Amino acid sequence: MRLYSENSSPFSAPVRIAIYAKSLDIEIVAPPGGLRSAQYHAVNPLGTIPCLILGDGARLPESSAIMEYLEEKFPVPALLPKNPEARAQVRLLQRIGELHITAQTVELSQAPPNSEEGANRLTRLVRGLSALQGLLSGEPFAAGADLTLADCQLAPALFRVPRVVEPLMHRDLIGAYPKVARYVETSRAHPAVARVLEEMGAA
């Protein structure tokens, strides 16, 4: 299998954490010709990354779908708990990371300075962090003592927050949420998380 990804992509980072955590033999390469090239659009008509090419040549875009597929295809080590309620909690945290943190930082970084759009995105980001403050387990990882798909999403999402927000607000937004700040530090202890955050920082 092959994953089309870029180190700077906040949408690709969660999939790479899952791949590294599971020690999967998946080739990780940049989109051929570049993300906007006709060559890559022939591979993935959506023109987005990540995109996983399966062994039979089938194409699977969208990070959440890819991570769910990898979890079902390669269930050991597990990145989802066995208990249905615990699995639901992981998916909730995962969605908060995707919709309320990653998506908002991406849009915020592209919004015109001092715009209403930027203010709205910042408000949604703050709401996401506030919700996360109340939902985090308080243990090393988002949903407990072990790495899950929630961490695959949340760790890179939170990594980008200071880079996007501090130039605009000139304040430590993560630090305003003690449980979130602690989680940012404890989650980095996992080798797969540390490896991807290093890749993102170097991009």
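Look up a bit, the structure's there.
The following paragraphs examine the structure supplied in this document. Just so it is clear, the structure is predicted and the values come from calculations on it, not from any experiment.

1. Regarding helix α4 (residues 84–110)
Thought 1: Taking 1.5 Å of rise per residue, 27 residues should cover 39 Å, and α4 covers 38 Å from first to last C-alpha, within 8% of that figure.
Thought 2: Largest kink in α4: about 30 degrees, centred on Gln104.
Thought 3: In this structure, the buried side of α4 is in contact with α3 (63–73), α5 (116–135) and α6 (149–169).
Thought 4: The N-terminus of α4 is capped by Asn83, whose side-chain oxygen sits 2.8 Å from the backbone nitrogen of Glu85.

2. A word on the environment of Arg87
Thought 1: Tracing the sequence through the fold places Arg87 in helix α4.
Thought 2: The spatial distance from the C-alpha of Arg87 to the C-alpha of Leu158 is 21 Å, given a sequence separation of 71 residues.
Thought 3: Leave out the neighbours within four places in its chain, and Arg87 touches Leu80, Pro81 and Lys82.

3. Quick notes on the pattern of salt bridges
Thought 1: Across all of its chains, the model carries 7 salt bridges by this definition.
Thought 2: Among the ionic pairs, Arg16 bridges to Glu199, the shortest N-O distance being 2.8 Å. You can see Arg16 sitting in helix α1 (residues 13–21) and its partner Glu199 sitting in helix α8 (residues 191–202), a full 183 residues away along the chain. The pair formed by Arg16 and Glu199 is uniform in burial state, with each residue classed as buried.
Thought 3: One network of salt bridges, with partners in common, ties together Arg16, Arg195 and Glu199.

4. Observations regarding the nonpolar core
Thought 1: Ranked by internal contacts, the top residues of the largest apolar core, which has 50 residues, are Ile101, Leu129 and Leu158.
Thought 2: Listing elements by their share of this core, those giving two or more residues are α1, α3, α4, α5, α6, α7 (178–187) and α8.
Thought 3: With 11 residues, the single largest contributor to this core is α6.
Thought 4: Counting residues in hydrophobic clusters, the runner-up holds 6 residues, among them Val43, Ile49, Cys51 and Ile53.

Calculation criteria
- Residues numbered from 1 in each chain as written.
- Predicted model: local features only at pLDDT ≥ 70, side-chain atom pairs only at ≥ 80, totals over all residues.
- Heavy atoms only, no water.
- Helix = DSSP H or I, 4+ residues; strand = E, 2+ residues; numbered from the N terminus.
- Expected span 1.5 Å × (residues − 1).
- Bend = angle between axes of the 7 residues up to and from the residue.
- Contact = heavy atoms within 4.5 Å.
- Polar contact = N/O pair within 3.5 Å; in protein donor to acceptor, adjacent residues only side chain to side chain.
- Salt bridge = Lys/Arg side-chain N within 4 Å of Asp/Glu carboxyl O.
- Buried < 20%, exposed > 50% of the residue type's maximum accessible area, 1.4 Å probe, protein only.
- Core = buried A, V, L, I, M, F, W, Y, C linked by side-chain atoms within 4.5 Å.

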